[in-house]
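Chain and residue survey
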Amino acid sequence: MSSRRSELKQAYKENPPPMGVFVVRNRANGKVLMGSSLNLDGMLNRTRFELTTRIHRTYPALQEDWDRYGADSFSFEVLDVLPPPKEPGTDPKEDLQVLLSLWLDRLRPYGDAGYNAVPS
């Protein structure tokens, strides 16, 4: 059993999940939520689960629109993927924040255009 666990840990280290910037798009009104994650698949699954089970607390307006328009009116998309760091032990969080900032500047998902809070 411990040998299998070691193999799985090694495989995870050698093939980390994709990280980058994602968008949840409301096709009914055009609003978007943008975010970034070290695990895009996990974050998109989590967001979809929270909305479906009505426990999404971070963006109440997104939850309201999800309830109003229904799941079929939303898409979950990966906008940009950050390649894994070449050097082991490197923390990609800063690079991820820069990538997110570039996308936020480009799409400006604030107010009537989106669910994100205006940066201070």
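Thresholds applied
Residues numbered from 1 in each chain as written. Predicted model: local features only at pLDDT ≥ 70, side-chain atom pairs only at ≥ 80, totals over all residues. Heavy atoms only, no water. Helix = DSSP H or I, 4+ residues; strand = E, 2+ residues; numbered from the N terminus. Buried < 20%, exposed > 50% of the residue type's maximum accessible area, 1.4 Å probe, protein only. Contact = heavy atoms within 4.5 Å. Axes fitted to C-alpha atoms, helices over the stretch in contact; angles between N-to-C directions. Left-handed = near helix turned anticlockwise from the far one by under 90°. Nonpolar A, V, L, I, M, F, W, Y, C, P; charged D, E, K, R; others polar. Expected span 1.5 Å × (residues − 1). Arc of directions from axis to C-beta. Pairing = 2+ DSSP bridges.

In the nomenclature of an unreviewed UniProt entry, the protein corresponds to ArsR family transcriptional regulator from the organism Archangium violaceum Cb vi76.

This part is about the environment of Met19. Inspection of the secondary structure puts Met19 in strand β1 (residues 19-26). A relative accessible area of 7% places Met19 in the buried class. Each residue touching Met19, except ones within four places of it in the same chain, is listed here: Ser37, Leu38, Asn39, Leu40, Asp80, Val81, Leu82, Pro83, Pro84, Pro85, Pro92 and Leu96.

Turning our attention to the packing of helix α2 (residues 40-52) against helix α3 (residues 60-69). For any two helices packed against each other, one specifies the crossing angle of their axes together with the interaxial distance. Here α2 crosses α3 at 65°, and the two axes come no closer than 10 Å. Both α2 and α3 take part in a crossing whose hand is right-handed. Along its contact with α2, which presents Glu50, Leu51 and Thr52, the element α3 presents Leu62, Gln63 and Trp66. Class assignment of the residues belonging to the contact of α2 with α3 gives a composition of 3 nonpolar, 2 polar and 1 charged.

The end-to-end C-alpha separation of α2 is 18 Å, in line with the 18 Å expected for 13 residues at 1.5 Å each. Burial in α2 covers these residues: Leu40, Leu44, Thr47, Glu50 and Leu51. Along the axis of α2, the buried residues cluster in a sector spanning 130°; they form a single face. Those residues of α2 that are exposed and angled more than 90 degrees off the buried face are Phe49 and Thr52. Buried positions along α2 lie against β1, β2 (32-37), α3 and β3 (74-82). One or two steps after α2, the chain reaches Arg54, where phi turns positive at roughly 60°.

Attention shifts here to the sheet that holds β3. Reading across from one edge, β2-β1-β3 is the order of the 3 strands in this open sheet, with antiparallel pairing throughout. Edge strands, defined here as strands with exactly one partner in the open sheet, are β2 and β3. Across the sheet, the mean angle separating the axes of adjacent strands is 20° when strand polarity is ignored. Alignment of β1 against β3, held across 8 bridges, turns out to be antiparallel. Its bridge partner being in β3, Asn26 is matched across the sheet by Phe74. Helix-sheet contacts for α3 involve β1, β2 and β3, and the interaxial angle to β3 is about 135°.

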